[in-house]
Amino acid sequence: MTQPLPAGTVVRVKLDWPELRGPVHIRTPHYLRGRRGTVVRYLGEFPNPEDIAFNRPPDLLPLYHVSFEPHTLWPSGVSGDEVLVEIYGSWLQLEGA
Amino acid sequence: MSVIETESTQLLAAVRQILAAKSLVSDQEIAERIAITDAATPGQGARMVAKAWLDPAYRALLLEDGTKAAEAAGVMMRGMPPLGVLENTEAVHNLVVCTLCSCYPRAVLGYPPFWFKSAGYRARAVRDPRGVIAEWGTVLPETTKIRVVDSTADYRWMVLPMRPAGTEGWDEERLAAVVREGDMIGVTVPTIG
Amino acid sequence: MTMHDDPAQPVLTTDVSVRAHHDMGGISKYICEPIDTKPHALDAFDREVDALRQLLSAKGLMTVDELRRGIEAIPEGTYHRLTYYQRWMRSITATLLRKGVIAEADLLAVLQPPA
C-alpha cells in the first residue's frame, strides 16, 4: 500500500451512489457523499465490508478518521462543531490535487 | 408468504432446532454465550474512566490505545473490534452515534441501550447534537463545541468524560460509581449528589 | 447533482431518493421526534438472537457485515415496523438460507410439520 494520507490532508468524499447500480452494502453515510473534510488520523488497514457482506474476498483498505464542518452538511449546522467519521480510503479523493 | 416472514419467535426456535440438529450451534453454547454477554456492563467502562481520572499514565494509554487499556483493566478484547476513546474537555464535548446501524463499544459497556438503536437518535445526533443531549437534560457551556462521532467502520468508540468537581480524594471504586452508561456515549456528563 | 459547498444552500441528500433507508443520519423525518430515553430491558428472544449471531460469527458461518446487509435489504416499511432483534432474526435466517447453511425445506418442515 502507498503511504497513508497524513493528518491535515483535505479530501472530498466521492459523490457516488453505488446504491443505484444494484444491491450493495456501503458504510459511507449519504450525508457525506460529495462533502469536503480533513483527515484527522489514519486508523489502520481493514478488509472492505462492501466485499465481506457479499462473501467476496475483501481488499484491504486504509481507514481514516475524517472531520467535517456541520455548516457544510446541514442548514442549521453549528460553526466550530465537528462531525468525525471513519471513511475508507477508496471513498476519498484529494481535494485540489 | 415467504418463510422469513414467519413470526420471529417461531423462526428463532426453528432455526435453533435445525442448527442444533446439524451440530452447528448447540443450546448449551447459546446459554453460555448469553451468560457471558449479560456479564458485560457499563461498570467495566466506568472502571476504566475512574482509572484514567486517577492515573495520568493510564489516561494516556486509554486515549492512545483503547484496546490495550481495556485489557489492562481486565476486559477480554481478543477478537473484539478495536476500541477508540475520545476525551471530553472544556473546549470539546464528544457524542457517539452509529447512524447506519448500532455499532456500540459492547466489550466495555455491554448491550447498547434502546435509545442508541432508535431511529430518532440515529437521525438526530449527527445533525442536532445539542437538541439530542437536551433530551437527557444535558446543557453544555456556550463555549464548548460538540464533536459527533459516527461509528461507520471497524472501530468502536467511547467517551472519557471529565471528572466532576467535588470528587477530590475519592478512590477508584467511588469514582467509578458516578460514571453512567450515558456519560461514556456523551448524552450526559457525570455529576455527584 | 450540484456540489454542496455553499454553506447558505447545502443540498440535503435526505431529500434525494437514492439514500438507502437504513442510512439515517440527519433525515428530516426524525428531526422533530423526541427520543425515548427510558431503559428497555432485553427479553429472552433478544438475548437468544444476540447470542446466536455472536456464535454464528465465531464459527465462521455468518459475518456481521452479512448481518447488516441482510437487515438493510428489509423493505423500508417492514424495517421500521420490526423491533431491533426481529430485524436481526430475519436477516440471520435469510443469510443462512442464501448461504446454504440451512435448507428452506428443513425450515418449512419444522415450522409446518406434516400432519
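Each remark here, short or long, concerns the structure printed above.
Novice: Explain the side chain of C:T95 here, please?
Specialist: Residue and element names in this part refer to chain C. Summarising the element assignment, T95 is placed in helix α4 (residues 84–98). Take T95: its relative accessible area is 0%, and that puts it in the buried class. In this structure the side chain of T95 is engaged in a polar contact, spanning 2.7 Å, whose partner is the backbone oxygen of S91. The residues touching T95, leaving out its near neighbours within four places in the chain, are M62 and E66.

Novice: What exactly am I supposed to notice about the packing of helix α2 (residues 27–39) of chain B against helix α1 (residues 44–58) of chain C here?
Specialist: How two helices sit against one another is set out by the angle between their axes and by the gap between those axes. Where α2(B) contacts α1(C), the axes come no closer than 9 Å and their chain directions differ by 105°. As summarised for this structure, α2(B) and α1(C) are arranged roughly perpendicular, according to the angle between their axes. For the pair α2(B) and α1(C), the contacting residues are B:E29, B:I30, B:R33, B:I34, B:T37 and B:D38 in the first and C:R47, C:E48, C:D50, C:A51, C:L52, C:Q54 and C:L55 in the second. Along the lines of polarity and charge, the residues of the contact of α2(B) with α1(C) split into five nonpolar, two polar and six charged.

Novice: Is there a simple way to explain the pattern of salt bridges in this structure?
Specialist: Pairs can form between side chains of opposite charge whenever their charged atoms are close. Under the defined criterion, the tally for this structure stands at 20 salt bridges over all chains. Two residues, A:R56 and A:D51, come together in a salt bridge whose shortest N-O distance is 3.0 Å. The partly exposed category is assigned to A:R56, whose relative accessible area is 41%. Salt-bridge contacts for B:K51 lead to B:E172; the nearest nitrogen and oxygen are separated by 3.3 Å. On the criterion of sequence distance, the pair formed by B:K51 in helix α3 (residues 42–54) and B:E172 in helix α9 (residues 172–176) is long-range, its members being 121 residues apart. Owing to a relative accessible area of 21%, B:K51 belongs among the partly exposed residues under this scheme. What makes B:E172 partly exposed here is its relative accessible area of 27%.

Novice: Looking at this structure, how should I read the environment of A:F54?
Specialist: Along the chain, A:F54 turns up in the loop between α1 (49–52) and β3 (60–68). A relative accessible area of 19% places A:F54 in the buried class. Separated by 37 residues in sequence, A:F54 and A:W17 place their C-alpha atoms 18 Å apart. Residues in contact with A:F54, not counting those within four places in the same chain, are A:P23, A:V24, A:H25 and C:R69.

Novice: What's the story with the interface of chain C and chain A in this structure? I'm lost.
Specialist: Accessible area lost when the parts come together is the quantity often used to give the size of an interface. With 27 residues of chain C at the interface, the matching set in chain A holds 27 residues. Overall, the association of chain C and chain A removes approximately 2200 Å² of surface from exposure, summing both partners, and the carbon and sulfur fraction of that is 57%. Linking chain C to chain A there are zero salt bridges. With five residues, the single largest contributor to the side of chain C that touches chain A is helix α2 (residues 64–72) of chain C. Its residues assigned to classes, the side of chain C that touches chain A shows ten nonpolar, seven polar and ten charged.

Novice: Teacher, can you tell me more about unusual backbone geometry here?
Specialist: Peptide bonds are mostly trans, and most non-glycine residues show a negative phi. Positioned with a positive phi, A:N55 is a non-glycine residue whose angle comes to about 60°. With respect to the secondary-structure elements, A:N55 resides in the loop between α1 and β3. Overall, the relative accessible area of 54% leaves A:N55 in the exposed class. Phi at B:S23 is positive, roughly 60°, even though this residue is not glycine. By relative accessible area, which is 67% here, B:S23 ends up exposed.

Novice: How should I be thinking about the side chain of B:D150 in this particular structure?
Specialist: Among the secondary structure elements, B:D150 is positioned in strand β3 (residues 145–150). For the buried B:D150, which has no salt bridge, the nearest side chain bearing the opposite charge is A:R27, at an N-O separation of 7.1 Å. Setting aside its immediate chain neighbours within four residues, B:D150 contacts A:P29, A:Y31, A:L84, A:V85, A:E86, B:V97, B:C98 and B:T99.

Reading the values: the criteria
Residues numbered from 1 in each chain as written. Chains lettered and ligands numbered in written order. Predicted model: local features only at pLDDT ≥ 70, side-chain atom pairs only at ≥ 80, totals over all residues. Heavy atoms only, no water. Helix = DSSP H or I, 4+ residues; strand = E, 2+ residues; numbered from the N terminus. Buried < 20%, exposed > 50% of the residue type's maximum accessible area, 1.4 Å probe, protein only. Polar contact = N/O pair within 3.5 Å; in protein donor to acceptor, adjacent residues only side chain to side chain. Contact = heavy atoms within 4.5 Å. Axes fitted to C-alpha atoms, helices over the stretch in contact; angles between N-to-C directions. Parallel < 35°, antiparallel > 145°, perpendicular 65-115°, else oblique. Nonpolar A, V, L, I, M, F, W, Y, C, P; charged D, E, K, R; others polar. Salt bridge = Lys/Arg side-chain N within 4 Å of Asp/Glu carboxyl O. Buried area = accessible area lost by both parts, 1.4 Å probe. Lys, Arg positive; Asp, Glu negative; His and termini not counted.

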